[in-house]
Amino acid sequence: MRKRRRWGAAICALLGPLLAGILLVPFRTYFSSVGEALVMVAVVVAVAASGYRAIGILAALSAAVWFDFFFTPPWGQLETNKLYDSQTSALLLIIGAAVSQMAARGRFQWRKAEKARSKLELLYDTSVAVGSTLDVTRTARELARVAVPRFADFVAVDLATPLLEDGGALTTDGATRLRRVAIGGIRGDPPLYPEGTTIPVRRPLDQAVRGAIAPGSGLPPTVTEQGHCSEPPDRLLAHGLRSCISAPLRARGTPLGAVTFWRTSEREPFDDEDRCFAEELCTKASLAIDNAHRYTRERAVSLTLQRSVLPQHIPDQPAVEGAFCYLPADTQAGVGGDWFDVIRRPSGRVGLIVGDAMGHGPEAAVAMIQLRTAVRTLAALDTEPQELLRHLDALAADTPGASFATCLYAEWDPAAATCTLIAAGHPPPLLRVRGGRTSVVPLGAGLPLGLGSWAAEPTVLRVTAPTLLLLYTDGLVESRHEDIDIGILRLAQLFTTAQGSPQAVCDSLLRGTAGRSPADDRTLLLAEFTPPAGDQPG
């Protein structure tokens, strides 16, 4: 494109004065030579303003020749002494050279300012577009999409392998192996190693390096020795790639990976300003990638803590069959503090509890562990349900992160065929007799735990037929767009139509509420109570 513009300007420099002279010939007897010279000066200035130094001088020479030919007597002749000695010709040359110089400088400054503006826009767009999610691989692909084609024709993002492992820890002594996670290009067949390729690191990733590819020489020493990897030179040359920058991804002194930018021969090669810009671009991307990695590690720690203490299966209990489902939150805030348990109590009773510690992340997981441990300890002491929650409230008040936790406790006594329910700020349970409709059990919800003033009266239900009791957390019924009571009624409708074993019912309810509250954990605990034969109606 630039060559075509230059050739177009050269043609205008040669033909512009000629056309102006031809148009002025019929009027040369009416104008003085000064007026005709001014017209030629205007033509020279117009052509010289294109911004090419040589073009302005060429236009001035052409104007001097055609001014001498058309307007200096004798007309229609070129005389060397007139061409070189004429003051008008000298003036045209001076004006052409001066205007060309000024235009070239102005064009250079404009291009420099435009390049700086485009880089600032790219940095801004990188801050907005990169890091929209807390997924490491998606963040790397967002960087590749932003960089092509505005900064490079092809780009490859390679990350340290621990970044791609749940809970993987990075070291500050430099990454040893990278894995290609993202490729971007102006064409669909980039001549680069494909995604998923494991790439050894040639030297520590501490600074950006710039290099070029010359036909017949392969990769230059600056790339093969200082860059983190070398692509197949033959394929690079076949696709016209000639210039590259390899820039590190680092955050908090820890290497995260590297990004390689490539340009084809159709664009200007990278310069030192581009190398500095690539480092700045990768610095912004590094922050987003590091945030995604830290979130992934924190989520992995939280899930590990929860899975280590939450029941993996419900133990066999007399006259009760249970099932559960737990789905952690899909949110940037991290895993929530949902928990549940099924506890064998003295005298053959069975305790069931579902709770929700306020907050997300490891703090909520730790608070959940402490509350669950306290419940199991109190349950082993044969504490009454009301007294159990009162002790739990006092413990939560002294436990960091446990304040405002909620819970719902149910105790099934198969000998008496009764179920005792008591809550602390938790959504009410759902009750369904086999083959019947679902009802919401009205409870005095009471205040959440940890406020030091909890008080509530238990509700005792008489069970005379096989009955399903559903305990759940607010992640299944809560929404920003509607009242929680509407969500509870919707869950009750799903519960009425769900069929099959207790586990099949749980799975059906979890699928039916899949689109609700992805920012919170979703927990279900379902128990089927079967009263003794003497308590069932004949």
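Check the entry above for the structure.
A few points on the structure. In this text the structure is predicted, and so the values were computed from the model without any measurement.

Brief notes about the overall build of the protein chain
From N to C terminus, the protein chain includes 13 helices and 16 strands. Within the protein chain, the fraction of its 538 residues that count as buried is 48%. Expressed as a percentage of contacts within the protein chain between residues at least 6 apart in sequence, the contacts between residues at least 24 apart total 69%. As displayed, the protein chain has an accessible area near 25300 Å², and 58% of this comes from carbon and sulfur atoms.

Things to note about the nonpolar core
Grouped together as the largest cluster of nonpolar side chains are 49 residues, with contacts concentrated most on Leu525 and Phe529. When residues no more than four places from it in sequence are discounted, the contact partners of Leu525 are Ile314, Ala323, Phe324, Phe340, Asp341, Val342, Leu352, Ile353, Val354, Leu469, Leu470 and Leu471. Among the nonpolar cores identified, the runner-up in size contains 34 residues, and Leu143, Leu159, Phe261 and Phe270 belong to it.

A short note on the sheet that holds strand 8 (residues 336-344)
Strand order in the open sheet formed by 5 strands is 8-9-10-11-14, and the pairing between neighbours is antiparallel. Every interior strand has two partners, whereas the edge strands, strand 8 and strand 14 (459-462), have only one. Neighbour to neighbour, the strand axes of the sheet diverge by 15 degrees on average, direction disregarded. Where strand 11 (residues 418-424) lies against strand 14, 4 bridges are found, and the strand directions are antiparallel. Paired with Thr418 across the two strands is Arg462, which belongs to strand 14.

Section: the packing of helix 10 (residues 362-380) against helix 11 (residues 385-397)
At their nearest, the axes of helix 10 and helix 11 sit 10 Å apart, and the two run at 145 degrees to each other. The crossing of helix 10 and helix 11 is right-handed. Where helix 10 approaches helix 11, its residues Gln370, Leu371, Ala374, Val375, Leu378 and Ala379 are matched on the opposing element by Leu388, His391, Leu392, Leu395 and Ala396. Looking at the contact of helix 10 with helix 11, its residues break down into 9 nonpolar, 2 polar and no charged.

Observations concerning the pattern of salt bridges
Where charged atoms of side chains with opposite charge meet at close range, the side chains can pair. Taken as a whole and assessed by the stated rule, the structure comprises 16 salt bridges. In this structure, Arg376 engages Asp341 in a salt bridge whose closest nitrogen and oxygen atoms are separated by 2.6 Å. Here the residue Arg376 occupies a position in helix 10, and Asp341 occupies one in strand 8, the gap between them amounting to 35 residues. When the shortest N-O distance is used, the salt bridge between Arg349 and Glu411 registers 2.9 Å. One end of the pair, Arg349, is in the loop between strand 8 and strand 9 (350-360); the other, Glu411, is in strand 10 (residues 406-413), with 62 residues separating them in the sequence. What makes Arg349 buried here is its relative accessible area of 10%. Look at the salt bridges and you will find they share partners, linking Arg345, Arg349, Asp382 and Glu411 into a network.

Concerning the sheet that holds strand 7 (residues 320-327)
Strand order in the open sheet formed by 5 strands is 7-16-15-12-13, and the pairing between neighbours is antiparallel. Two strands lie at the open edges of the sheet, namely strand 7 and strand 13 (438-440), each paired on one side alone. Averaged over all pairs of adjacent strands, the angle between strand axes in this sheet comes to 20 degrees, irrespective of strand direction. Here strand 12 (residues 430-433) pairs with strand 13 via 3 bridges, running antiparallel. Looking across to strand 13, one finds that Arg432 is bridged to Thr438.

Description of a nonpolar patch on the surface
Where nonpolar side chains cluster on the molecular surface, the patch consists of Met358, Phe404, Leu447 and Leu451 and spans about 380 Å² of accessible area. Of note, Leu447 is situated in the loop between strand 13 and strand 14. A relative accessible area of 40% means that Leu447 is categorised as partly exposed.

Quick notes on the rules
- Residues numbered from 1 in each chain as written.
- Predicted model: local features only at pLDDT ≥ 70, side-chain atom pairs only at ≥ 80, totals over all residues.
- Heavy atoms only, no water.
- Helix = DSSP H or I, 4+ residues; strand = E, 2+ residues; numbered from the N terminus.
- Buried < 20%, exposed > 50% of the residue type's maximum accessible area, 1.4 Å probe, protein only.
- Contact = heavy atoms within 4.5 Å.
- Areas by Shrake-Rupley, 256 points an atom, 1.4 Å probe, with all protein chains shown as cover.
- Core = buried A, V, L, I, M, F, W, Y, C linked by side-chain atoms within 4.5 Å.
- Pairing = 2+ DSSP bridges.
- Axes fitted to C-alpha atoms, helices over the stretch in contact; angles between N-to-C directions.
- Left-handed = near helix turned anticlockwise from the far one by under 90°.
- Nonpolar A, V, L, I, M, F, W, Y, C, P; charged D, E, K, R; others polar.
- Salt bridge = Lys/Arg side-chain N within 4 Å of Asp/Glu carboxyl O.
- Patch = residues over 30% accessible without salt bridge, like charges linked within 9 Å, V, L, I, M, F, W, Y side chains within 5 Å.

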